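Understanding the architecture of this molecule
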Amino acid sequence: MTATTSHGAGPFIAAIDQGTTSSRCIVFDRDGRIVSVDQKEHEQIFPKPGWVEHDAAEIWANVQEVVAGAIEKAGITAADVKAIGITNQRETTLLWDRNTGEPVHNAIVWQDTRTDALCRELGRNVGQDRFRRETGLPLASYFAGPKVRWLLDNVEGLRERAERGEILFGTMDSWVIWNLTGGTDGGRHVTDVTNASRTMLMNLHTMEWDDKILQSMEVPAAVLPEIRSSAEVYGHVKGGVLDGIPVASALGDQQAALFGQTCFAEGEAKSTYGTGTFMLMNTGDKVINSYSGLLTTVGYRIGDDKPVYALEGSIAVTGSLVQWMRDQMGLVSTAAEIETLALTVEDNGGAYFVPAFSGLFAPYWRSDARGVIAGLTRYVTKAHIARAVLEATAWQTREITDAMTKDSGVELSALKVDGGMTSNNLLMQTLSDVLDAPVVRPMVAETTCLGAAYAAGLAVGFWPDTDALRSNWRRAAEWTPRMDAETRDREYKNWLKAVERTMGWIEDEE
Amino acid sequence: MAKNIQSLERAAAMLRLLAGGERRLGLSDIASSLGLAKGTAHGILRTLQAEGFVEQDPASGRYQLGAELLRLGNSYLDVHELRARALVWTDDLARSSGESVHLGVLHQHGVLVIHHVFRPDDSRQVLEVGAMQPLHSTALGKVLSAYDPVAHSEAVEVERKAFTPRTVTSLDDFEELLDLTRARGWAADVEETWEGVASVAAPIHDRRRMPVGAVAITGAVERVCERGELRSELVAAVRECARAVSRDLGAGRF
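Calculation criteria
Residues numbered from 1 in each chain as written. Chains lettered and ligands numbered in written order. Predicted model: local features only at pLDDT ≥ 70, side-chain atom pairs only at ≥ 80, totals over all residues. Heavy atoms only, no water. Helix = DSSP H or I, 4+ residues; strand = E, 2+ residues; numbered from the N terminus. Rg over C-alpha atoms; globule rule 2.2 N^0.38 Å. Buried < 20%, exposed > 50% of the residue type's maximum accessible area, 1.4 Å probe, protein only. Contact = heavy atoms within 4.5 Å. Areas by Shrake-Rupley, 256 points an atom, 1.4 Å probe, with all protein chains shown as cover. Phe/Tyr/Trp six-rings, centres within 6.5 Å; stacked < 30°, edge-to-face > 60°. Pairing = 2+ DSSP bridges. UniProt positions renumbered as here; feature names shortened; annotations may be inferred. Buried area = accessible area lost by both parts, 1.4 Å probe. Salt bridge = Lys/Arg side-chain N within 4 Å of Asp/Glu carboxyl O. Polar contact = N/O pair within 3.5 Å; in protein donor to acceptor, adjacent residues only side chain to side chain. pLDDT = per-residue confidence, 0-100. Core = buried A, V, L, I, M, F, W, Y, C linked by side-chain atoms within 4.5 Å. Axes fitted to C-alpha atoms, helices over the stretch in contact; angles between N-to-C directions. Lys, Arg positive; Asp, Glu negative; His and termini not counted. Left-handed = near helix turned anticlockwise from the far one by under 90°.

The next subject is the overall build of chain B. On a plain count of helices and strands, chain B comes out with 10 helices and 10 strands. A compact globule built from 254 residues would reach a C-alpha radius of gyration of about 18 Å, whereas chain B, at 23 Å, exceeds it by more than 25%. Projected onto its principal axes, the C-alpha coordinates of chain B cover approximately 70 × 45 × 30 Å. Relative to its 254 residues, chain B shows a buried fraction of 46%. If you take every contact in chain B between residues at least 6 apart in sequence, the share linking residues at least 24 apart comes to 55%. For chain B, the accessible surface area stands at approximately 12,600 Å², while carbon and sulfur atoms represent 51% of it.

Next up, the structure:
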């Protein structure tokens, strides 16, 4: 898309989304409308079953490329851009050499399960919830802290180098900001509260690194970035097409989507349907402990304002299940075709697909679970399986909304959705059916990048306050429930039976 | 029986040869397998290559099947793929125009709405995905009838019902409207289907310039029209959106 007269002459805000499968850059105008987009995928590296890595050097090269691409497509120059914001795949962990700027190992991606055994060991006699009070998180392979520990333990000589202060740790926000602001030439080593809240190393109540946990995890403080708010100027871009532009926001991708969906009031929730699915509910200044397997996390913090907290439920496999059906099973040739196939039948034919490929996430947190297709008979066709694939996403969302209602006491009145899968009309209708609540899609589906742009724009005064952002929000579509209660209850029961059958598959892990 | 065209038979034999066994074959292998002179084989291969049915490996000079064959075998564009590609652009169109946006494709004897973006004014609206619209009176239908020969014959054959006094029903008038649509690249429906409602649509093309659908904005005639004419900035916005989706589908600039 090129800049058109309808966008005026700017100024603009750029946002980088360093995601799990690709990096992209989007340029937004003052109304929050997209002016241009550029995107590039990077390689997914699978060294062993359950291991997932990214080449951080490739990612940084791609980030530079998409920033240049988006600026060029918009037909603008650095002078038209007021700030750049960053949002990123969360928890993906990188250690690099502060003097050469070179990663010491591939980044360990959030989906990677190599730290399962380590997490059990770290739980000692307390178990998964050993650090929950401080961090809001259960001990699970998902979070960054144990990944840092694994790298320090397994890359030769790394612990010594880290203790000597030669090594820097960061999630992808830190890596991108450090490189943008000069890298070895004075790059800023920072992270924001939302990303820090996913390391299991930050105390939610003080918003600082927790010394006791650092000791328990054996992570030297010397590697850690400085924790900053989500919306402030961390530094300025050094080199490249945006030379001199303020780098003014960082938010983990899900928190960015919460921000982009303008869920600024307590009780507002959004769900993002991408590779995985993430639902976050704004809980205001309250740190709500979950007893239903949800995470307590930081929603965002604007400059010196009080931090805003959130409850989070995540589903590991949603969009990636459709990709798996396309790439590994060859059932469809594009992701969108799953809807075409699913629409050739009326229902799931009795089949249920629980994609616990790397265990079950919220509200179960069972790493011993593995995927199951239950209820198979000779009657079932690939079209029924396609239905079951889409329903899996809907039922998993239902389980999370149930848990949120239980923990927060707030009944969900409507769900704001975004992400690539919102283009799937059948899925959105199914979602509304099983939640028995309206499902609403905003007009800009790219809420993740928009959230980062909003935060950066607030930091530099491009937008005056969150009310101005709220007035940009527009409803693009709304799905309302059509399923009768009896069917819903029966199907939910069947789904839960199928979930039951995934557990305990892995008996003893290395 | 009329004699078959020899060069086409030879080309078909080449494609079969390349489709079986080894993936890549050199010119002399192909020529000798089919009992052709090298020059003859080369001429046919070059033609197939120009059409994209055959590709030549730049390093080894060997030939293999081209990507165009795959596209031929899988030629229709999945409507859900079309919606996914159009999502960003149609959102933007609704936002800039302030009206609702519909994406339609030909289905049986009418227009199937495959995507609908609400008018951005927070009013209560119902999702119209899956609804059918008539071919002869709506802007989407006229665009499809003007550009897609299959839609055209459907529209010509069906009974063109008068929904309002303004509906065009006679064949001559209808064909004239389609000529106008092709000439200016967009179609309108000013109270021809629904009283008080006006709409403007433009065609979406795929990478082979095939018409695969149409995009339209629809709204109250008082807002969409000015002194009885469609507002030119709305026409421009719809056409721009259609071009953006077409580009996303691989169509060249036009």
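Note on aromatic pairs: each is described by the distance of the centres and the angle between the planes. Residue and element names in this part refer to chain A. A full pass over the atoms with the stated rule returns 20 aromatic pairs over all chains. With a centroid separation of 6.4 Å and an interplanar angle of 15 degrees, the aromatic rings of Trp-175 and Trp-178 are classed as stacked. One end of the pair, Trp-175, and the other, Trp-178, are both in helix α6 (residues 172-180), three residues apart, so they sit about a helical turn from each other. Taken as a pair, Trp-175 and Trp-178 share a single burial class, namely buried. With a centroid separation of 6.5 Å and 70 degrees between ring planes, the pair formed by Phe-353 and Phe-357 is classed as edge-to-face.

What follows deals with the pairing of strand β2 (residues 22-28) of chain A. Residue and element names in this part refer to chain A. Most of β2 sits out of view: seven of its seven residues are buried. What you see with β2 is no split at all: Ser-22, Arg-24, Ile-26 and Phe-28 on one side and Ser-23, Cys-25 and Val-27 on the other are buried throughout. The pairing of strand β1 (residues 12-18) with β2 spans six bridges and is classified as antiparallel. Note on β2: the bridge partner recorded for Ala-15 is Ile-26. What sits between β1 and β2 in their antiparallel hairpin is a turn of three residues. Following β2, the chain reverses through five residues before pairing antiparallel with strand β3 (residues 34-41); Gly-32 in that reversal takes a positive phi of roughly 80 degrees.

Residue and element names in this part refer to chain A. Residues annotated in UniProt with the feature "binding site: glycerol" (unreviewed entry) correspond here to Arg-90, Glu-91, Tyr-142, Asp-253 and Gln-254. Tracing the chain through its elements places Tyr-142 in the loop between α3 (132-135) and α4 (144-154). Checked against the element boundaries, Gln-254 lands in helix α9 (residues 253-260). Not counting residues up to four positions away in its chain, the partners in contact with Gln-254 are Arg-90, Lys-270, Thr-272, Phe-278 and Leu-280.

Contacts between chain A and chain B engage 31 residues on the former and 24 residues on the latter. Roughly 2,500 Å² is buried in total at the junction of chain A and chain B, and carbon and sulfur atoms are behind 52% of that figure. Along the contact surface separating chain A from chain B lie five salt bridges. Among the salt bridges present, the one from Arg-83 of chain B reaches Glu-339 of chain A, with a minimum N-O distance of 2.9 Å. Our enumeration of links across chain A and chain B arrives at 12 residue pairs in polar contact (both at pLDDT 80 or more). Put simply, the parts of the chain that give the side of chain A that touches chain B at least two residues each are α11 (337-342), β22 (439-442) and β23 (475-479) of chain A. When residues in the side of chain A that touches chain B are grouped by element, the largest group, five residues, is from β23 of chain A.

A separate point is the confidence of the model for chain A. Overall, the prediction assigns chain A a mean pLDDT of 92, with 97% of residues at 70 or greater. Ignoring residues within four places in sequence, the model shows residues 1-6 of chain A, a span with pLDDT below 50, making 14 contacts including any to other chains.

A word on the nonpolar core. Residue and element names in this part refer to chain A. Ranked by size, the top nonpolar core spans 112 residues in total, and within it Leu-95, Tyr-142, Met-217 and Leu-431 carry the most contacts. The element best represented in this core is helix α12 (residues 382-408), accounting for 12 residues. Judged by nonpolar contacts, the second largest core, of 37 residues, contains Ala-56, Val-63, Ala-74 and Ile-76.

Before going further, it helps to examine the UniProt feature "binding site: ATP" (unreviewed entry) in chain A. Residue and element names in this part refer to chain A. The UniProt record marks Thr-20, Thr-21, Ser-22, Thr-275, Gly-319, Gln-323 and Gly-420 with the feature "binding site: ATP" (unreviewed entry), using the residue numbering of this structure. Spanning 401 residues, the annotated positions come together in the fold, the maximum distance between their C-alpha atoms being 14.5 Å. By the element assignment, Thr-275 lies in the loop between β15 (269-273) and β16 (277-282). Not counting residues up to four positions away in its chain, the partners in contact with Thr-275 are Thr-21, Gln-111, Ala-316, Val-317, Thr-318, Gly-319 and Ser-320. Judged by its relative accessible area of 29%, Gln-323 falls in the partly exposed class.

Moving on, we come to the sheet that holds strand β21 (residues 415-418) of chain A. All names here are of chain A. Ordered in space as β17-β18-β16-β15-β21-β22-β23, the seven strands form an open sheet in which the pairing is mixed. The outermost strands of the open sheet, each flanked by one partner alone, are β17 (295-300) and β23. Between one strand and the next, the sheet's axes are offset by a mean angle of 30 degrees, whatever the strand orientation. Inspection of the sheet shows β16 paired to strand β18 (residues 308-315) by six bridges, in the antiparallel sense. Looking at the pairing, Asn-282 lines up with Ala-310 of β18. Strand contacts of α12: β15, β16, β18 and β21, with the helix running at about 145 degrees to β18, the strand carrying the most contacts.

Residues and elements named next belong to chain A. Mapped onto the elements of the fold, Lys-147 is located in helix α4. No salt bridge is formed by the buried Lys-147. Its closest oppositely charged neighbour is Asp-112, at 5.0 Å. Polar contacts involving the side chain of Lys-147 include one to the main-chain carbonyl oxygen of Ser-141, which spans 3.0 Å. If near-sequence neighbours (up to four positions away) are discounted, Lys-147 is found in contact with Glu-91, Thr-93, Ile-108, Val-109, Trp-110, Asp-112, Thr-115, Ser-141 and Tyr-142.

A word on the packing of helix α6 (residues 139-147) of chain B against helix α7 (residues 149-157) of chain B. Residues and elements named next belong to chain B. For the pair α6 and α7, the least separation of the axes is 5 Å and the interaxial angle reads 115 degrees. Crossing handedness for the pair α6 and α7: left-handed. On the side of α6, the interface is formed by Leu-144, Ser-145 and Tyr-147, while α7 contributes Pro-149, Ala-151, His-152 and Ala-155.

Residue and element names in this part refer to chain A. The buried count for β17 comes to six of six residues, which makes it a mostly enclosed element. By the bridge criterion, five bridges tie β17 to β18 in an arrangement that is antiparallel. When the bridges of β18 are listed, Thr-297 appears paired with Ala-310.

Next up on the list: the environment of Val-190 of chain A. Residue and element names in this part refer to chain A. On the secondary structure map, Val-190 appears in strand β9 (residues 190-192). Relative accessible area serves as the criterion here: at 2%, Val-190 is assigned to the buried category. Placed 13 residues apart in sequence, Val-190 and Ile-177 show a C-alpha to C-alpha distance of 7.5 Å. Once residues lying within four places of it in the same chain are set aside, the contact partners of Val-190 are Ser-174, Ile-177, Pro-225, Glu-226, Arg-228 and Tyr-234.

The subject of this paragraph is unusual backbone geometry. Phi is positive for Met-200 of chain A, which is not a glycine, with a value near 70 degrees. Topologically, Met-200 of chain A is positioned in the loop between α7 (193-196) and β10 (202-203). We note that Arg-227 of chain B has phi near 50 degrees; this positive angle belongs to a residue other than glycine. When you line up the elements, Arg-227 of chain B lands in the loop between β9 (225-226) and β10 (229-230). Of the residues examined, Arg-227 of chain B reaches a relative accessible area of 83% and is grouped as exposed.

Take helix α13 (residues 425-435) of chain A next. All names here are of chain A. With 11 of 11 residues buried, α13 lies mostly within the body of the structure. For α13, the complete set of buried residues consists of Asn-425, Leu-426, Leu-427, Met-428, Gln-429, Thr-430, Leu-431, Ser-432, Asp-433, Val-434 and Leu-435. With a side-chain oxygen lying 3.2 Å from the backbone nitrogen of Leu-426, the N-terminal cap of α13 falls on Asn-424. Count one or two residues on from α13 and you reach Asp-436, which has phi positive near 55 degrees.

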